[in-house]
Amino acid sequence: MPGRHPADKPVENRDQTRHKLETMWRYWAAWLEILARTRTRYFCTRHLWLVDLMSGSGHHVSREHPDRVRAGTSVLAAWRAIQTQQAHPGVGVTLHACDIDAARTTALDAGLESLRGKTPDGLRAIVHQGDYAEHIQPIIDEIRRPCGAPFLGGNHAHRSLWLLDPYGVADIPRR
């Protein structure tokens, strides 16, 4: 139907989306676990960032799930961040999620609200509404700031994992 957003279709009808959700569920966990266990003089692993630049509303319509929805990538990332912080006290994970659609970011922010504060350090999840290109540099600047954790190396660099998943390449401006 013309004008319908792809996310309006049940996730069971979208093989690429189902595959992406499974892949990111596993990858968020593996990436966070590896870095949370790492102690190196080359970068700080006491704070990690997950960034989902085209996050959507945080859920997908589902025909098969009992709740009729399945978690989207940002909610999956939030769950993995909580698991990491619980398993590795002292490691903080920040989630940045961005979408151009105000209704989707409002829904995502509401969905993440119940996950904030679930760990001793609390889940830090920031939802940005607008063109992702406007939010990239402030996110990078935040990641580059020293977090105050003790660090032996001369470079207090942090690590981040970014997901950029548009509905088509036309969504990605050349700039």
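Structural data are supplied above this passage.
Conventions we followed
Residues numbered from 1 in each chain as written. Predicted model: local features only at pLDDT ≥ 70, side-chain atom pairs only at ≥ 80, totals over all residues. Heavy atoms only, no water. Pairing = 2+ DSSP bridges. Helix = DSSP H or I, 4+ residues; strand = E, 2+ residues; numbered from the N terminus. Right-handed = clockwise from strand over helix to strand, strands pointing away. Expected span 1.5 Å × (residues − 1). Buried < 20%, exposed > 50% of the residue type's maximum accessible area, 1.4 Å probe, protein only. Arc of directions from axis to C-beta. Contact = heavy atoms within 4.5 Å. Polar contact = N/O pair within 3.5 Å; in protein donor to acceptor, adjacent residues only side chain to side chain. Axes fitted to C-alpha atoms, helices over the stretch in contact; angles between N-to-C directions. Core = buried A, V, L, I, M, F, W, Y, C linked by side-chain atoms within 4.5 Å.

A. Spatial organisation of the pairing of strand E5 (residues 124-129). Sheet analysis places strand E4 (residues 92-99) next to E5, joined by six bridges and oriented parallel. Among the inter-strand pairings, Ala-97 is bridged to a residue of E5, identified as Val-127. Since E4 and E5 lie parallel, the crossover through helix H3 (residues 102-113) that links them has a hand, and here it is right-handed.

B. Just H3, in detail. Here H3 spans 16 Å end to end across twelve residues, near enough to the 16 Å set by a 1.5 Å rise per residue. Burial in H3 covers these residues: Thr-105, Leu-108 and Leu-112. Projected onto a plane normal to the axis of H3, the buried residues spread over an arc of 60 degrees and lie on a single side. Exposed positions of H3 whose direction lies more than 90 degrees from the buried face are Ala-103, Thr-106 and Ala-110. Contacts made by the buried residues of H3 are with helix H2 (73-87), E4 and E5. N-capping of H3 is provided by Asp-101, with a side-chain oxygen placed 3.1 Å from the backbone N of Ala-103.

C. Molecular detail of the sheet that holds strand E6 (residues 159-163). A sheet is described by the order of its strands in space; here four strands give the open sequence E5-E4-E1-E6, paired in parallel fashion. This sheet does not close on itself; its edge strands, each paired only once, are E5 and E6. Each adjacent strand pair in this sheet contributes to an overall mean axis angle of 15 degrees, direction not counted. Running over the sheet, H2 touches strand E1 (47-52), E4 and E6 and is turned about 175 degrees from E4.

D. The arrangement of the nonpolar core in detail. Within the largest apolar cluster, 30 residues are counted, with the highest numbers of intra-cluster contacts made by Trp-28, Trp-31, Leu-50, Leu-95, Leu-112, Leu-115 and Leu-123. If you list the elements that add at least two residues to this core, you get helix H1 (15-37), E1, H2, E4, H3 and E6. The element best represented in this core is H1, accounting for seven residues. The contact partners of Leu-115, leaving out residues within four places of it in the chain, are Val-75, Ala-78, Trp-79, Ile-82 and Leu-123. Counting residues in each nonpolar core, the second largest holds eight residues, with Trp-49, Met-54, Cys-98 and Ile-139 among its members.

E. Quick peek at helix H4 (residues 132-144). Compared with the 18 Å implied by 1.5 Å per residue over 13 residues, the 18 Å span of H4 between its first and last C-alpha is a close match. Of all the residues in H4, the buried ones are Tyr-132, His-135, Ile-139, Glu-142 and Ile-143. The buried residues of H4 occupy one face: seen down the axis, they fall within an arc of 90 degrees. Facing away from the buried side of H4, by more than 90 degrees, are the exposed residues Glu-134 and Arg-144. A side-chain oxygen of the first residue of H4 lies 2.9 Å from the backbone nitrogen of Ala-133; this N-cap is Asp-131.

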